Amino acid sequence: MTTKATDTPKECNEFQQELPNFFDTGEDQVEHPHLKTCENCSALVRDLEYIAAQAKLLLPIHDPSPAVWENIHSALLKKS
Amino acid sequence: MNDTKYDSNSLLRKGGTHIDSKMKNTLRTTETMAHTAPAEPLTAEARPIQQHQRRNPPIAGELAAIAQAQQGDGASFEILYNMHKRRVYSLCLRMLGNVAEAEDLTQEAFLQLHRKISTFRGDSAFSTWLHRMAVNVVLMHLRKKGLPLVSLEETLEPTQEDGPRKDFGTRDLALSGSIDRVTLERAVEELPPGYRMVFVLHDVEGYEHNEIAVMLGCSIGNSKSQLHKARMRLRSLLRQKADGRADA
């Protein structure tokens, strides 16, 4: 896949202006005509898809300090 | 209004799993609702539930703990806290980027959970319900501080870095396979607050743009735009980190 001379920055610009809506169409993004000829925009889309996919895998890795439960416990005891 | 009795003795009782007949009925009702709820048209409110249930599968013993906590059992509430504290705290921390604030709001979210747990009917996954509560606590906190949930500067004045032209002529560096979760987590922390908020809500937590728009008081288009800019900024940050590793 290579960038043809016809894939001017103007075409890339127009394509990238559409990108905020691009991922919500439910269509197969690879089928977009511009991506069949533009390596840069293809790489961009792959990266953005990869970031979105990796974000879904982010695990909750942080634990609150024990003081959080102690404060909750105290507050609930006061209420009761 | 809190009408749940809080039993200080039961708080200290570990592993209190006795279920009396009344609780069994409550539990059966809750489980029945969870498994046999009639199909309903997907509303904007209900649609993300499927995604959240996929990403937040039920935890063993959760239904029993909910039923008992709804009856005022403090030990069961503590069990629920231990089941969900990491997820709620991580959500608060990712949205706020500040440990002290994240801990305060985790505390507030669970106190609110205690006040409202009797209203949980099992229409959605408990974790979905709780996480939405935590998100609202964080957003309320930011509004009270007078902070814009979506930065006007970020919305109206995209930097060159965010613009599409940056990618013209740049070398083709595919991120795929080059970043680990810790690196991504650190890059998310570096995002400007407005970008980070939408990115966490959409890409990490799985909310849809229509929901985010309601939560943040912005348009759906604005939410999409902020998310796109967040991903673009992350791409830039991740490339920098990859370059740093390569140069080292």
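1. Here we look at the overall build of chain B
And then number 1: Within chain B, the secondary structure is distributed over twelve helices and zero strands.
And then number 2: Ordered by position in the sequence, the α and β elements of chain B form the string α-α-α-α-α-α-α-α-α-α-α-α.
And then number 3: Buried residues in chain B amount to 38% of all 248 residues.
And then number 4: Across chain B, contacts joining residues at least 24 apart in sequence account for 77% of those joining residues at least 6 apart.

2. Quick word on the overall build of chain A
And then number 1: Along chain A, the regular secondary structure elements total four helices and zero strands.
And then number 2: In chain A, which comprises 80 residues, the share counted as buried stands at 25%.

3. Observations regarding the nonpolar core
Where a protein is soluble and globular, its nonpolar side chains tend to be buried together.
Residues and elements named next belong to chain B.
And then number 1: Formed by 66 residues in total, the largest nonpolar core has its most connected members in Cys92, Ala134, Val138, Val198, Phe199 and Leu234.
And then number 2: Sort the elements by how many residues they give to this core and helix H5 (residues 74-96) lands first, with eleven residues.
And then number 3: In contact with Val198, other than residues within four places in its own chain, are Ile212, Ser223, Gln226, Leu227 and Ala230.

4. Regarding the interface of chain B and chain A
And then number 1: Facing the 39 residues of chain B at the interface are 40 residues of chain A.
And then number 2: Counting only elements with at least two residues in the side of chain B that touches chain A, the list comes to helix H1 (8-12), H5, helix H6 (99-116), helix H9 (181-189), helix H10 (193-204) and helix H12 (220-247) of chain B.
And then number 3: Of the residues forming the side of chain B that touches chain A, the biggest block, seven residues, is contributed by H5(B).

5. Things to note about the packing of helix H4 (residues 62-70) of chain B against H5(B)
Residues and elements named next belong to chain B.
And then number 1: Two numbers describe how H4 lies on H5: the axes approach to 8 Å, and their chain directions differ by 135°. Relative to H5, the element H4 lies oblique. Two packed elements cross with a definite hand, and for H4 against H5 that hand is left-handed. Contacts between H4 and H5 involve Glu62, Ala65, Ile66, Gln68 and Ala69 from the first element and Ser76, Phe77, Ile79, Leu80 and Met83 from the second.
And then number 2: Its residues assigned to classes, the contact of H4 with H5 comprises seven nonpolar, two polar and one charged.

6. A short note on the confidence of the model for chain A
And then number 1: On average, chain A scores 83 in pLDDT, and the residues at 70 or more come to 82%.
And then number 2: The spread of mean pLDDT over the elements of chain A runs between helix H2 (residues 19-22) of chain A, the lowest at 85, and helix H4 (residues 66-79) of chain A, the highest at 95.

7. Some remarks on the environment of Ile66(B)
And then number 1: Mapped onto the secondary structure, Ile66(B) falls in helix H4.
And then number 2: Through-space distance from the C-alpha of Ile66(B) to that of Phe120(B) is 8.7 Å; in sequence the pair is 54 residues apart.

8. Let's talk about the packing of H6(B) against helix H7 (residues 126-144) of chain B
Residue and element names in this part refer to chain B.
And then number 1: Packing of H6 against H7 brings their axes to within 9 Å, and their N-to-C directions diverge by 125°. By the criterion of interaxial angle, the relationship of H6 to H7 is oblique. The handedness of the crossing between H6 and H7 is right-handed. Contacts from Leu105, Glu108, Ala109, Gln112 and Leu113 in H6 reach Leu130, Met133, Ala134, Val137, Val138 and His141 in H7.
And then number 2: Class assignment for the residues of the contact of H6 with H7 results in eight nonpolar, two polar and one charged.

9. Considerations on H5(B)
All names here are of chain B.
And then number 1: If you look at H5, its biggest bend is around 55°, right at His84.
And then number 2: Of all the 23 residues making up H5, 18 are buried; the element is thus mostly covered by neighbouring parts of the structure.
And then number 3: Count one or two residues on from H5 and you reach Gly97, which has phi positive near 70°.

10. Quick word on the environment of Gln70(B)
And then number 1: Turning to its location among the elements, Gln70(B) is positioned in helix H4.
And then number 2: Each C-alpha atom of the pair Gln70(B) and His114(B) lies 8.6 Å from the other, and the pair is 44 residues apart in sequence.

11. Here's the deal with the confidence of the model for chain B
Residue and element names in this part refer to chain B.
And then number 1: Summing up the model confidence of chain B, the mean pLDDT is 75 and the portion of residues at 70 or higher is 64%.
And then number 2: Ranking the helices and strands of chain B by mean pLDDT puts H6 first, with 97, and helix H2 (residues 21-36) last, with 37.
And then number 3: The low-confidence segment residues 1-5, where pLDDT is below 50, has nine contacts with residues more than four positions distant or belonging to other chains.
And then number 4: Confidence drops under a pLDDT of 50 for residues 7-49, and excluding neighbours within four residues, the segment shows 51 contacts in the predicted structure.
And then number 5: Interface predicted TM-score (ipTM) for the complex: 0.82; the corresponding pTM is 0.73.

12. Looking at H9(B)
All names here are of chain B.
And then number 1: Listing the buried residues of H9 in full gives Leu184, Ala187 and Val188. The arc that holds the buried residues of H9, viewed along the axis, is 100°, so those residues lie on one side. Opposite its buried face, H9 presents the exposed residues Val182, Arg186 and Glu189, each directed more than 90 degrees away.

What counts and how
All residue numbers here refer to positions counted from 1 along the written sequence of the relevant chain. Throughout, the order in which chains and ligands are written sets their labels, letters from A for the former and numbers from 1 for the latter. The model is predicted, so local features are restricted to residues of pLDDT at least 70 and side-chain atom pairs to those at 80 or more, both for listing and for counting; the totals for chains, interfaces and linings are taken over all residues. Numbering of helices and strands runs from the N terminus; a helix is a DSSP stretch of H or I covering at least four residues, while a strand is a stretch of E covering at least two. Remark: C-beta atoms are placed from the backbone, and a residue is labelled buried if 20 or more other C-beta atoms sit within 10 Å of its own, exposed if 12 or fewer do, or partly exposed between those counts. Whether two residues are in contact is decided by their C-beta atoms, placed from the backbone, lying within 7 Å. Working definition: the nonpolar core is a set of buried Ala, Val, Leu, Ile, Met, Phe, Trp, Tyr and Cys residues, joined through C-beta atoms within 7 Å. Between N-to-C directions, angles cover 0 to 180 degrees, with each direction set by a line fitted to C-alpha atoms, over the stretch in contact for helices. Reported orientations rely on four angle classes, namely roughly parallel under 35 degrees, roughly antiparallel over 145, roughly perpendicular from 65 to 115, and oblique for the rest. Working rule for handedness: look at the near helix, and if it is turned counterclockwise from the far one by less than a right angle, call the crossing left-handed; if clockwise, right-handed. In this count, Pro and Cys sit with the nonpolar residues alongside Ala, Val, Leu, Ile, Met, Phe, Trp and Tyr, while Asp, Glu, Lys and Arg are called charged and the others, Gly among them, polar. For every residue, the predictor assigns a confidence score, pLDDT, that lies between 0 and 100. In this analysis the local bend is the angle between axes fitted, respectively, to the seven residues ending at and the seven residues starting at the residue. As used here, the arc is the angular range of directions from the helix axis to the C-beta atoms.

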